[in-house]
Amino acid sequence: MRTIDFTPLYRSAVGFDRLARQLESAARTSEAAGWPPYNIETTAENQYRVEIAVAGFKPEELNIEVKENLLTVTGRKTANDDAAPQKTYLHRGLAERDFERRFQLADYVVVTDATLDNGLLAISLKRELPEALKPRRIEIGTTKTPLIEGESAAA
C-alpha cells in the first residue's frame, strides 16, 4: 500500500491544504472496488463527460447529486416483485448491487445534462468561469503633458 506524506507541502506552501486533501482522497478512492466501471472524457475545451456502466438500473433507481464540488452518483436497486415466480440462476454474472461513485469537481465545473442509454449513464459537465475571472483586454490610454504657463503648444 502506497501512502504519500504531504507534510513538507504544509510547511512550505500556504493555501494548498485543500489540494493535498483532494490528492489523499483520490488515493483512498482508487483503492476502492472498481464497480461500476466508468469513463471520463473531454468532449471539447472546458467540456467533459462521465460515463458509468449501470446495466440493469432504471432511471428512478439512480440519483445524481452535486454538493460542494463533489459529484455523487448512487444506484439503489428496488426489491424484486414477490408476486413474480422465483428465478433459478445457473450463473449470475450481472451485478445488481447498490453503488455509490464520487467525483471531485474543479471550481466552476457544473453538471449540464444526464442521460441513460443502453445501460450507460452519461453525465455532461462544463467549466463555466464567471465574467470576473475571464481574461479581458485593457485598453492603454495616453496622457497629455500639461502645458506650462507662458509656453506655446508648438514648443
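Refer to the structure presented above.
None of the values given here were measured: they were computed from a predicted structure.

Chemist: Looking at this structure, how should I read the overall build of the protein?
Modeler: Secondary structure summary: the protein contains two helices and seven strands in total. Ordered by position from the N terminus, the helices and strands of the protein form the series α-α-β-β-β-β-β-β-β. Going through the 155 residues of the protein one by one, you find that 15% of them count as buried. Restricting the contact set of the protein to residue pairs at least 6 apart, pairs at least 24 apart contribute 53%.

Chemist: Explanation requested: the pattern of salt bridges in the structure shown.
Modeler: Side chains bearing opposite charge may pair, as long as their charged atoms lie close to each other. Per the counting criterion, the structure on display carries five salt bridges. Each of the salt bridges in this network shares a partner with another, and the network as a whole consists of E41, R49 and E51.

Chemist: Is there a simple way to think about the pairing of strand β2 (residues 47–53) in this case?
Modeler: Residues in a regular strand point their side chains to alternate faces of the sheet. Relative to β2, strand β1 (residues 38–44) runs antiparallel, the two being bridged by six bridges. Its bridge partner lying in β2, A44 is registered against Q47. Adjacent in sequence and paired antiparallel, β1 and β2 are bridged by two residues, among which N46 carries a positive phi angle near 70 degrees. Direction of pairing for β2 relative to strand β7 (residues 120–127): antiparallel, over a ladder of seven bridges. In the strand pairing of β7, I52 is matched with L121.

Chemist: Where do I start with the sheet that holds β7 in this structure?
Modeler: Strand-to-strand pairing in sheets goes through backbone hydrogen bonds, with the strands running parallel or antiparallel. Read from one edge to the other, the open sheet built from four strands follows the order β1-β2-β7-β6, with strand pairing classed as antiparallel. The open sheet has two edge strands with one neighbour each: β1 and β6 (109–117). In this sheet, neighbouring strand axes are inclined to one another by 20 degrees on average, regardless of whether the strands run parallel or antiparallel.

Chemist: What should I look at first to understand the side chain of E61 in this one?
Modeler: Along the chain, E61 turns up in the loop between β2 and β3 (62–67). For E61, a relative accessible area of 5% translates into the label buried. Separated by 3.4 Å, the side chains of E61 and K77 make a polar contact. Not counting residues within four places of it along the chain, the set of residues in contact with E61 comprises G56, T74, G75, R76, K77 and T78.

Chemist: Just checking my understanding: could you explain the sheet that holds strand β5 (residues 99–104) for this structure?
Modeler: In spatial order, the strands read β3-β4-β5; together these three strands make up an open sheet with antiparallel pairing. Each edge of the open sheet is held by one strand with a lone partner, namely β3 and β5. Neighbouring strand axes in the sheet, compared pairwise and without regard to direction, differ in orientation by 15 degrees on average. Where strand β4 (residues 70–75) lies against β5, six bridges are found, and the strand directions are antiparallel. Considered in β5, the bridge of T72 is made with R102.

What counts, and where the lines are drawn
- Residues numbered from 1 in each chain as written.
- Predicted model: local features only at pLDDT ≥ 70, side-chain atom pairs only at ≥ 80, totals over all residues.
- Heavy atoms only, no water.
- Helix = DSSP H or I, 4+ residues; strand = E, 2+ residues; numbered from the N terminus.
- Buried < 20%, exposed > 50% of the residue type's maximum accessible area, 1.4 Å probe, protein only.
- Contact = heavy atoms within 4.5 Å.
- Salt bridge = Lys/Arg side-chain N within 4 Å of Asp/Glu carboxyl O.
- Pairing = 2+ DSSP bridges.
- Axes fitted to C-alpha atoms, helices over the stretch in contact; angles between N-to-C directions.
- Polar contact = N/O pair within 3.5 Å; in protein donor to acceptor, adjacent residues only side chain to side chain.

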